[in-house]
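Letter by letter, the chains look like this.
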Amino acid sequence: MIMAPSTDPPPEQHDPEAARQHSKQVAELFSAHNSALVRFLTCRLRSSHEAKEVAQEAYVRMLQLDAPSGISYLQAFLFKTASNLAADRMKSQARRQRIDQIGFFDQVDASPSPEAGISAGQQIDNVLAALDKLPPKCRYAFIMHRFYGHEIGDVARLMNLSERMVRLYIERALVFCRKRLLATGGDE
Amino acid sequence: MSARTHVDDAARWFLRLQDSGTDARVFLEWQRWMNDSAAHRAAYAEIEETYLQLNIPHRPPLPSDQELAADDYDGSVPVEEWHGATANPAIGSPAPVRTMRYALAAGVAAMAVAAGMFWQWNAHHAQYETYAYSTPAGERQEFVLPEGSRITLDAGSVLNVELTSERRTLVLTQGEGYFKVSKDAKRPFTVLAGNTLVRAVGTAFNVRRSANRTVVAVTEGKVEVTSSPPEPPPAAGSLRDSAASHDARERRLTIQLKAGEAVSDMGEGHFGALTQAEAALATSWLDGRRQYRKEPLRYVLADIGRYSGRRIEIADDSTGELQFTGTLMLDSSDSWLKALAIALPVTIVETPNGALSVARDPDR
């Protein structure tokens, strides 16, 4: 099993040539995967601004890493490192939200810019219409995960279902919404 | 059952990567899958884009208990096929032959009910209001809902509220609240806490959710309380899940409570009655103190956790079952644990991860 890099101090680089090689490899990795990484993090954090910050932090961590072998491992490390950092940030987000009191409009600033040609109002209608068409349990599981930020295990407990079932509901919901939003997305 | 598509696989990968505990090995397998073909990468990008587009400035309404109970979708086919089987005209495309067979197998009557509810859902769409409230450790909040009900939410509690023209649905996921319900016979007021559902028209009652137990105490008027027994762990095969939940629905138990009465629900499908004296203590927290009479320590510690914001671990069941009788003043919650260690034969130590561990002291 591969372990993700932790917050340990950077290992000493004995060989300056190897260190230079590692920095170069990490830089290449980033230029190849940065946009995929930011998209991944935006889904996790619901904020593209925070996603960019975390991606940058992951880059720094990767540079501190003792060079592992193989570019595909490095790539997995990158996403796992970013995922850990995102999880830490979610925890502090949750703390902040508890203190601020979650209000009616708490997710406004997390909205991505709507697709060109669709107004924000149209986008909201499309989303609500797509969610409305989901079977109730499927809709419940998806809303609890996507909009309330509950982990799969918590949703399963709330619904008194197995985690496997909740996963299946959310997957089905995603696939269905993709079709609906693709169909309504280019109307205007 | 239809064949899995790249998009189905992409959704599965996407969801696995969303978990905060995902192993690096999963990322490695995901990258292999992504590198396999451009079709995989395109499907993944579409799912990711869908997730990002599904973002609106407020939380969408959750389906009602009745809708959830009437829902027979078990995830075994894609949602469109389920719509095809329910003959919902909103989706349009004719159902393929294999979904028609599915419809016959699953029972046409039940599906007609589900479709009818969708229509109602859409018709009243504009009248939704949803709110989410949460209180930090040690802080209580009072608020008034737009329809006039007053709620006092105790420390460390989470409450979601959904108001429609037909019902007022509240979900207390943790903590404790006191509900003074504004009278509106047309819109039942329900609070769901764990396995316990409380229904009221115009009345006042307290709901306390701690560990596996919910305690409901009525101070004015009458409420109806329903307990749902836990479901057996799901057997292999997705169809079993819905069969099990059907059985569970039939085993629900409903009772009526009037002012001065209280019950506890351990989530096992039956109630325990509290004495009048115990019922009278249920709302003592509104006056700035918590009074307990022969209360198992685990529930006292759950309350202290909500006030202090610290994670409290109980060493074993025999510690959790120790009984506490006494009063804790809410303005001095810091000294509570010290007081407990004096009143009961327990020791309290701080664990390396910052939690407080409470254990029975064998020497006392």
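Quick caveat, the model's predicted, so the values are computed rather than measured.

Calculation rules
Here the residue numbering is sequential within each chain, running from 1 through the sequence in written order. Chains carry letters from A onward and ligands carry numbers from 1 onward, assigned in written order. It should be noted that, the model being predicted, local features are given only for residues of pLDDT at least 70 and side-chain atom pairs only at 80 or more, the latter also being counted only at that level, while totals for whole chains, interfaces and linings use all residues. Side-chain metrics rest on all non-hydrogen atoms present in the structure, leaving aside hydrogens and water. Strands are runs of DSSP state E lasting at least two residues, helices are runs of H or I lasting at least four, and both sets are numbered from the N terminus onward. Think of it in three bands: with a 1.4 Å probe and only protein chains considered, a residue is buried below 20% of the maximum accessible area for its type, exposed above 50%, and partly exposed in between. Contacts between residues were defined by any pair of non-hydrogen atoms, one from each residue, lying within 4.5 Å. A pair of strands is treated as paired once DSSP finds two or more bridges between them. Between N-to-C directions, angles cover 0 to 180 degrees, with each direction set by a line fitted to C-alpha atoms, over the stretch in contact for helices. Each residue carries a pLDDT score, the predictor's own confidence in it, on a scale running from 0 to 100. Here, nonpolar core means buried Ala, Val, Leu, Ile, Met, Phe, Trp, Tyr and Cys residues that are tied together by side-chain atoms lying within 4.5 Å of each other. Here, a salt bridge means any side-chain nitrogen of Lys or Arg that lies within 4 Å of a carboxyl oxygen of Asp or Glu.

Note that Thr50 of chain B resides in helix α3 (residues 38-53). According to the relative accessible area criterion, Thr50 of chain B is buried, its value standing at 4%. The contact partners of Thr50 of chain B, leaving out residues within four places of it in the chain, are Leu174, Cys177, Arg178 and Leu181 of chain A.

Residue and element names in this part refer to chain B. One open sheet accounts for three strands, arranged β15-β18-β17; its pairing is mixed. Two strands close off the open sheet at either side, each with one partner strand: β15 (312-314) and β17 (346-350). Averaged over all pairs of adjacent strands, the angle between strand axes in this sheet comes to 25°, irrespective of strand direction. The pairing of β15 with strand β18 (residues 356-360) spans three bridges and is parallel. Looking at the pairing, Glu313 lines up with Ser357 of β18. Sitting on the sheet, helix α10 (residues 297-308) touches β15, β17 and β18, and the angle it makes with β15 is about 170°.

It is worth spelling out unusual backbone geometry at this point. Notably, Arg46 of chain A is not glycine yet its phi reads approximately 60°, a positive angle. Looking at the secondary structure, you find Arg46 of chain A in the loop between α1 (16-45) and α2 (48-64). Look at Ala211 of chain B: it is not a glycine, yet its phi comes out positive at around 50°.

Further remarks concern the confidence of the model for chain B. Regions with low pLDDT should not have their predicted coordinates read in detail. Residues and elements named next belong to chain B. Looking at chain B as a whole, its pLDDT mean stands at 78, while 80% of the residues score no less than 70. Across chain B, element-level confidence peaks in strand β3 (residues 150-153) with a mean pLDDT of 94 and bottoms out in helix α6 (residues 97-106) with 30. Note that pLDDT drops below 50 for residues 233-245; the model gives that stretch 17 contacts with residues more than four away or on any other chain. Both scores are given for the predicted complex: the pTM is 0.49, the ipTM 0.79.

With 77 residues, the main nonpolar core has Leu37, Leu41, Met62 and Val166 of chain A together with Trp30 and Tyr44 of chain B as its most contacted residues. If one sorts the elements of this core by residue count, helix α7 (residues 163-185) of chain A sits on top with ten residues. When sequence neighbours within four positions are dropped, the list of residues in contact with Tyr44 of chain B reads Ala10, Trp13, Phe14, Leu17, Trp30, Trp33 and Met34 of chain B. Tyr131, Tyr133, Ile151 and Val216 of chain B belong to the second largest nonpolar core, which has 27 residues in total.

This part covers the pattern of salt bridges. All names here are of chain B. With the rule as written, the count across this model stands at 33 salt bridges over all chains. For Glu220, the salt bridge goes to Lys180, with nearest N and O atoms at 3.0 Å. Of this pair, Glu220 sits in strand β9 (residues 213-220) while Lys180 sits in strand β5 (residues 168-180), and the two are 40 residues apart along the sequence. Note on Glu220: relative accessible area 36%, which makes it partly exposed. Relative accessible area serves as the criterion here: at 36%, Lys180 is assigned to the partly exposed category. A salt bridge links Arg213 to Glu295, with the shortest nitrogen-to-oxygen separation between them at 2.7 Å. Of this pair, Arg213 sits in strand β9 while Glu295 sits in strand β14 (residues 289-296), and the two are 82 residues apart along the sequence. Judged by relative accessible area, which is 10%, Glu295 ranks as buried. The network of salt bridges with common partners includes Asp154, Glu176, Arg208, Arg213, Arg290, Glu295, Asp303 and Arg306.

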